[in-house]
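Chains, contacts and geometry: an overview
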Amino acid sequence: MIDIELLRKNPATVIKRLGTRGVLKKEVEALIRADTKWRKAEAKVEQLTAQRNKLSEEVPKLSSEKRKQRISELRSLNLRLLGPTGRGDLALLEKSRLELWKKLPNLPLPEVPVGSDASANHVVTEPLLPLPKFSFLPRNHLGLGISLGILDIEHAAAASGSRFGAFLGDGVRLEFALVTHAFKVLAAEAFTPILPPALIKRKRMDAMGYLDRGAEEVYTTQDDLVLVGTSEQSVGAMYAGQVFSQKDLPARFVAFSTCFRREAGSHGKDVRGIIRVHQFDKVEMFSFCRPEDSVREHRFFLELQKRLMEDLEIPFRVVQLCTGDLGVAAAATYDIEAWFPSRNAFVETHSTSNTTDFQTRRLPVKFRAENGQLRLGHAVNGTAYAIQRTIAALLEVHQTADGTVRIPNVLRPYLGGQDTLRRSDERH
RNA sequence: GGAGAGGUCGCAUAGUGGUCUAGUGCGCCGCGCUCGAAACGCGGUAUCCCCCAAAAGGGGAUCGUGGGUUCGAAUCCCACCCUCUCCGCCA
């Protein structure tokens, strides 16, 4: 949720900044009106309540005659308090105010390029590594994975239908190698490793900003729990209500979890292979920090992501999302896009967002500043490795003419020194 | 899933319808005493929201959560959540 104080004090700024991401002026104005009405009603109800409390406190001191009279007065006062102009009305006003409030996305940071959709995104960094040149027609990750025997779509479909995949053999070992490497690199940067729950309470998911727009992406259960689409949601949810000491910030976490997405709005997109599936695994970075540090923390996350991709020797570029392409909770987002030779294109493998106080306000997550003041924290999240997409990119980039795939140096120690992925019937 | 116990201010505890603006102890902060410290004494020490705002101030809500009874609820009633102990089931 955005800062409603800011909206009250400076509505023009909020309208302008949200306008850059496609929020209509009337949506913001509707909230202002609802807020004003609610505040008036709130003041009125509180005044009646104060009066009620005062008269009620005196009851035990009154003589029995006066007491009867006072109690009947209080009964009628309570009727007013609870009636249509009292608390009932207030509850309705509060509800509609909250609904309008929750619908507004986060304010983009000033440096975010303005644009209406992905076509206005800025390429920040061109690939540092040269794009691979092949003397043969490069195969896609799906064909490679199947022929290497590390990817099984067919049997996964038998179990679960479309948009599912299973890793086999070296594919499994490759996943664990990536996970182990990410945890190793990030542990050295003061990230606390965490294996969080993948099912979280609906209200926590709501606080993280994933239910007001895009709720159709979320798998639900019969138990008021929802499946996470990223462990960012789990880690944020875990620290709902937390008050950190300032000295413990930034509080960094590296999480591994399976992620579940319905992909309801992506009809026909990336249907083949493991680029876009209902279930995937991801190592995720998450940090709670001071507001004045979140921009720096966000850049730090981007640097870590670049390093993790460089370690895999996969060419990539960095894209800064424009205002119109930002997720609901994000104030600024960078994507990393890896080179996919079979597509002759870059495909998103990483994303890192500064969500400022949008999520921490509702969770809430605060910290005790050195002067004793209680303040809202900021939250920053970012992909370390999205396993399926990363393996897909790795297969494509490091494929060779004979159908084998070179394993990047950095991963070999985790694989007992193995340097190549080859068909199981070619081994020995 | 079943049985039992419990959830009150940072921690520990008191509180079974109005004297609770939730007491006490510990911790923490400030002041006093002291060369300094300990001890001692005095004062302070939650969060959210509304009004008015420069500040001060006024008001409301919160005793796990949500309902209910009542003029009035930490206290009575109902439902739920969580923790602990045991049983069952299970990886």
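As the structure is a computational prediction, the values presented were derived from the model and not from experiment.

The linkage connecting Leu-249 with the following residue, Pro-250, adopts the cis geometry, with an omega of -5 degrees. In this fold, Pro-250 is placed in the loop between strand 7 (243–245) and strand 8 (251–260). For the peptide bond that leads from Leu-363 to Pro-364, omega is -15 degrees, which places it in the cis range. In this fold, Pro-364 is placed in the loop between strand 12 (345–354) and strand 13 (366–368). Of note, Glu-313 is a non-glycine position whose phi angle comes to about 60 degrees, a positive value. Relative to the assigned elements, Glu-313 resides in the loop between helix 11 (294–311) and strand 10 (316–320). Even without a glycine there, the phi angle at Thr-356 is positive, about 45 degrees. Classification of Thr-356 by relative accessible area gives buried; the value is 8%.

This paragraph deals with the packing of helix 3 (residues 25–57) against helix 4 (residues 64–82). Two elements in contact, helix 3 and helix 4, have axes separated by 10 Å at closest approach and are oriented at 165 degrees. The orientation of helix 3 with respect to helix 4, classified from their angle, is roughly antiparallel. Where helix 3 crosses over helix 4, the two elements pack in a sense that is left-handed. Taking contact as the criterion, the partners of Val-45, Leu-48, Thr-49, Gln-51, Arg-52, Leu-55 and Ser-56 in helix 3 are, on helix 4, Arg-70, Leu-74, Leu-77, Asn-78, Arg-80 and Leu-81. A breakdown of the residues in the contact of helix 3 with helix 4 according to their chemical character gives 6 nonpolar, 4 polar and 3 charged.

A large share of strand 9 (residues 279–289) lies buried, amounting to 10 of its 11 residues. Taken together, the 10 bridges between strand 8 and strand 9 define a ladder with antiparallel strand orientation. Paired with Ala-255 across the bridge in strand 9 is Glu-284. As paired elements, strand 9 and strand 15 (residues 378–386) share 8 bridges and run antiparallel to each other.

Around RNA strand B, the structure places 20 residues, and the nearest of them are Arg-8, Arg-39, Ser-56, Arg-75 and Asn-78. The share of sugar and phosphate among atoms of RNA strand B within 4 Å of the protein is 73%. For the surface near RNA strand B, the secondary structure elements donating two or more residues are helix 3, helix 4 and strand 13. No other element matches the 10 residues that helix 3 contributes to the surface near RNA strand B.

Structurally, chain A comprises domain 1 (4–103) and domain 2 (118–426). For domain 1 and domain 2, the distance between their C-alpha centroids amounts to 43 Å. Opposite the 6 residues of domain 1 that make contact, domain 2 presents 11 residues. Buried area between domain 1 and domain 2, summed over both chains or domains, comes out near 730 Å², and the portion from carbon and sulfur atoms is 40%.

Take helix 12 (residues 387–397) next. Most of helix 12 is tucked away, with 11 of its 11 residues classed as buried. Restricting attention to buried positions, one finds in helix 12 the residues Ile-387, Gln-388, Arg-389, Thr-390, Ile-391, Ala-392, Ala-393, Leu-394, Leu-395, Glu-396 and Val-397.

If you walk through the whole model with that rule in mind, you get 9 aromatic pairs. Between Tyr-239 and Phe-244 the ring centres are 5.9 Å apart and the planes differ by 35 degrees, which places this aromatic pair in the tilted class. Both residues of the pair, Tyr-239 and Phe-244, count as buried. Ring pairing ties together the aromatic residues Tyr-239, Phe-244, Phe-253, Phe-286 and Phe-288, which thus form one cluster. The positively charged end of Arg-97 is found above the aromatic ring belonging to Trp-38, 3.9 Å away from the centroid.

Looking now at the sheet that holds strand 14 (residues 374–376). Whenever strands of a sheet pair, they do so through backbone hydrogen bonds, lying parallel or antiparallel. Pairing within the open sheet is mixed, and its 3 strands lie in the order 7-13-14. In this open sheet, the two strands that pair with only one neighbour each are strand 7 and strand 14. Averaged over neighbouring strand pairs, the angle between their axes works out to 35 degrees when direction is ignored. The pairing of strand 13 with strand 14 spans 3 bridges and is antiparallel. The residue of strand 14 that forms the bridge with Arg-368 is Leu-374.

We now examine the nonpolar core. Ranked by internal contacts, the top residues of the largest apolar core, which has 51 residues, are Val-283, Ile-314, Leu-395, Leu-411 and Leu-421. With 8 residues, the top contributor of residues to this core is helix 8 (residues 170–187). Once residues within four sequence positions are removed from consideration, Ile-314 is found in contact with Leu-129, Met-309, Ala-338, Thr-390, Ala-393, Leu-394, Val-397 and His-398. Membership of the second largest hydrophobic core comes to 17 residues, among which are Ala-207, Val-235, Phe-253 and Ala-379.

Turning next to the pattern of salt bridges. By the definition in use, this model includes 27 salt bridges. A salt bridge links Arg-276 to Glu-263, with the shortest nitrogen-to-oxygen separation between them at 3.3 Å. Placement of the pair is Arg-276 in the loop between strand 8 and strand 9 and Glu-263 in the loop between strand 8 and strand 9, with a sequence separation of 13 residues. Both residues of the pair, Arg-276 and Glu-263, belong to the buried class. Through salt bridges that share partners, Glu-5, Arg-8, Asp-35, Arg-39 and Arg-97 make up one connected network.

Cut-offs and rules
- Residues numbered from 1 in each chain as written.
- Chains lettered and ligands numbered in written order.
- Predicted model: local features only at pLDDT ≥ 70, side-chain atom pairs only at ≥ 80, totals over all residues.
- Heavy atoms only, no water.
- Helix = DSSP H or I, 4+ residues; strand = E, 2+ residues; numbered from the N terminus.
- Buried < 20%, exposed > 50% of the residue type's maximum accessible area, 1.4 Å probe, protein only.
- Axes fitted to C-alpha atoms, helices over the stretch in contact; angles between N-to-C directions.
- Parallel < 35°, antiparallel > 145°, perpendicular 65-115°, else oblique.
- Left-handed = near helix turned anticlockwise from the far one by under 90°.
- Contact = heavy atoms within 4.5 Å.
- Nonpolar A, V, L, I, M, F, W, Y, C, P; charged D, E, K, R; others polar.
- Pairing = 2+ DSSP bridges.
- Near = heavy atom within 4 Å.
- Domains from an automatic or database assignment.
- Buried area = accessible area lost by both parts, 1.4 Å probe.
- Phe/Tyr/Trp six-rings, centres within 6.5 Å; stacked < 30°, edge-to-face > 60°.
- Lys NZ or Arg CZ within 6 Å of the ring centre and 35° of its normal.
- Core = buried A, V, L, I, M, F, W, Y, C linked by side-chain atoms within 4.5 Å.
- Salt bridge = Lys/Arg side-chain N within 4 Å of Asp/Glu carboxyl O.

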